Amino acid sequence: MEDKLVTLAIHTYEKAQILKTMLETEGIDVYIHNVNQIQPVIAAGVRVRIKESDLPRALRIIEDSNWFDDDKKKDRSAQSTVKKVLIPIDFSDYSLKACEVGINYAYKTGGEVMIMHAYFSPFFPSAIPMGDTMAYQINEEESVQNVLKQVKQDMKNICEVIDKKMEAGELPRLEYNYVLREGLPEEEIVAYCKEYRPSLVVMGTRGKGQKELDLIGSVTGEVIEVNKGPVLAIPKHVPFTDLSVIKHVAFATSFSQSDLIAFDKFMEIMKGFDINIHIFNISTSRNEWNEIRLSGVVDYFKKHYPDSTIDFTVLDDGDLLLSVEKFVRDKHIELISLSTQRRGIFARMFSPSIARRMLFHTDTPLLVIHA
């Protein structure tokens, strides 16, 4: 009987090659899978596979070489943040919707919740005569204190609303905390994510119909572009507050290696939810090649997640956003997940990413994953 192959590790192409060389030196056959043949040196999510009978000896070799020391440290760090949900708010009605979705998600996954608000206090330069400066600084200090006082009251008010919903059974009883930060909201949210290390950020949006100016200025859009962790954007008019009620979730692919990594993260976030997954392509070329590639992607996902229900759809020709809207209607999609990559500020302002464009053209929640 042929000895089947098992996945030993998933690494970048460079680290996979190093591991392959180390094991082959010890007489163990190693096979590299999922390599981007066009640009192999930048491939991510490369699987290092060996024969099952060689697994015990390979693990001993790796352990003796301390190969996984750095990865173990990263894993421990990730485990300490796995069930943290951060909910940045601005006290609007769609912020409350984000709180409800985030709290329900944390309750279902055994997580904790941190509600965050970042407020901005204007800075006034004191390039005025010295005689007036002292009085001006006093007034400025009073102004800052008034802003902070109002922010604390607003936070108290929304917490009271949340507590009442918990008491009435509209939300599950769950302990939560809040934090206030002074500064530009998008900058403070990203900075706090580096400290708190949430596994998911849940943010509210106005949804479909925002002005094009908001495409550049939206805090949620900026956080999606810059933050390295997953961000769930909840439009104002979403009819549900609990992800456990949704049945149809779409995952967008551009047939890149990064999508394989993003899908693993997506499955971890949606773990325990009973959903049907619909894979679709981020392009509007309805041709045989796209259908073949989509079929291959779905087969790959089914192999690694055999208990999941997964199918695929090739989008219609024409405008991408219109094609996505039709796909969402036809398949009754209740959440869309897609991957994005960090880009420069110039590119973000003048050539918005697919994730950011979709944020303002749909009332369907978006789960955006950096890969």
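The structure we're discussing is the one just above.
Only a predicted model underlies this, so the values are computations on that prediction, with no experimental measurement involved.

Peer 1: I'd love a proper account of the overall build of the protein chain, names of residues and values included.
Peer 2: Within the protein chain, the regular secondary structure consists of 13 helices and 13 strands. Of the roughly 19,700 Å² of accessible surface on the protein chain, a fraction of 52% belongs to carbon and sulfur atoms.

Peer 1: If you had to explain the pattern of salt bridges to someone new, which residues and values would you point to?
Peer 2: Under the defined criterion, the tally for this structure stands at 10 salt bridges. A cluster of three or more residues bridged by salt bridges with shared partners is formed by Glu100, Lys165 and Glu170.

Peer 1: Break down the packing of helix α6 (residues 185-196) against helix α8 (residues 219-226) for me, citing the residues and quoting the values.
Peer 2: Closest axis-to-axis distance for the α6/α8 pair is 9 Å, and the angle between their directions is 40°. Judged on the interaxial angle alone, α8 and α6 are oblique. Handedness of the α6/α8 crossing: right-handed. Contact residues: Pro185, Glu186, Ile189 and Val190 in α6; Val219, Glu222, Val223 and Val226 in α8. Broken down by class, the residue content of the contact of α6 with α8 amounts to 6 nonpolar, no polar and 2 charged.

Peer 1: Requested: an account of the sheet that holds strand β1 (residues 5-11), with residues and values cited.
Peer 2: Adjacent strands of a sheet form backbone hydrogen bonds with each other and so pair up, either parallel or antiparallel. One open sheet accounts for 3 strands, arranged β1-β3-β2; its pairing is antiparallel. In this open sheet, the two edge strands, each paired with only one partner strand, are β1 and β2 (30-33). Shown here is a sheet whose adjacent strand axes are inclined to one another by a mean of 30°, direction ignored. Both β2 and strand β3 (residues 46-51) contribute to a ladder of 4 bridges, which runs antiparallel. Counted as the bridge partner of Ile32 is Val48 from β3.

Peer 1: I'd like to hear about helix α9 (residues 257-269), residue by residue, with values.
Peer 2: Counted at 1.5 Å a residue, the expected span for α9 with its 13 residues is 18 Å, and the 19 Å between its end C-alpha atoms agrees. For α9, the full list of buried residues reads Gln257, Ser258, Asp259, Leu260, Ala262, Phe263, Phe266, Met267 and Ile269.

Peer 1: Describe the environment of Ala191, listing the residues and the values that go with them.
Peer 2: With respect to the helices, strands and loops of the structure, Ala191 is situated in helix α6. Judged by its relative accessible area of 30%, Ala191 falls in the partly exposed class. Distance from Ala191 to Asn227, taken between C-alpha atoms, is 8.8 Å for residues 36 residues apart in sequence.

Peer 1: Requested: an account of the pairing of strand β13 (residues 366-370), with residues and values cited.
Peer 2: The buried fraction of β13 is high, at 5 of 5 residues. Bridge count between strand β12 (residues 335-340) and β13: 5 bridges; the pairing is parallel. For Thr340, the partnering residue across the bridge sits in β13 and is His370.

Peer 1: Any chance you could break down the packing of aromatic side chains for me, citing the residues and the numbers?
Peer 2: This model, assessed by the stated rule, comprises 10 aromatic pairs. Judged by centre distance (5.6 Å) and plane angle (10°), the rings of Tyr192 and Tyr196 are stacked. Here Tyr196 and Tyr192 lie together in helix α6, a separation of 4 residues that amounts to about one turn. Looking at Tyr192, the relative accessible area reads 8%, which means it is buried. Judged by centre distance (5.7 Å) and plane angle (65°), the ring pair of Tyr300 and Phe301 falls under edge-to-face. Exposure remark for Phe301: the relative accessible area of 1% places this residue in the buried category.

Peer 1: Explain the nonpolar core to me, using residue names and the numbers behind them.
Peer 2: Among the nonpolar cores identified, the biggest contains 51 residues, and Phe266 and Ile279 are the most heavily contacted of them. A per-element tally of this core places helix α4 (residues 93-109) first, with 7 residues. Excluding its chain neighbours within four sequence positions, the residues that come into contact with Ile279 are Phe251, Thr253, Phe263, Leu294, Val297, Val298, Phe301, Ile310, Asp311, Phe312 and Thr313. Judged by nonpolar contacts, the second largest core, of 28 residues, contains Ile224, Ala252, Phe280 and Leu315.

Calculation rules
- Residues numbered from 1 in each chain as written.
- Predicted model: local features only at pLDDT ≥ 70, side-chain atom pairs only at ≥ 80, totals over all residues.
- Heavy atoms only, no water.
- Helix = DSSP H or I, 4+ residues; strand = E, 2+ residues; numbered from the N terminus.
- Areas by Shrake-Rupley, 256 points an atom, 1.4 Å probe, with all protein chains shown as cover.
- Salt bridge = Lys/Arg side-chain N within 4 Å of Asp/Glu carboxyl O.
- Axes fitted to C-alpha atoms, helices over the stretch in contact; angles between N-to-C directions.
- Parallel < 35°, antiparallel > 145°, perpendicular 65-115°, else oblique.
- Left-handed = near helix turned anticlockwise from the far one by under 90°.
- Contact = heavy atoms within 4.5 Å.
- Nonpolar A, V, L, I, M, F, W, Y, C, P; charged D, E, K, R; others polar.
- Pairing = 2+ DSSP bridges.
- Expected span 1.5 Å × (residues − 1).
- Buried < 20%, exposed > 50% of the residue type's maximum accessible area, 1.4 Å probe, protein only.
- Phe/Tyr/Trp six-rings, centres within 6.5 Å; stacked < 30°, edge-to-face > 60°.
- Core = buried A, V, L, I, M, F, W, Y, C linked by side-chain atoms within 4.5 Å.

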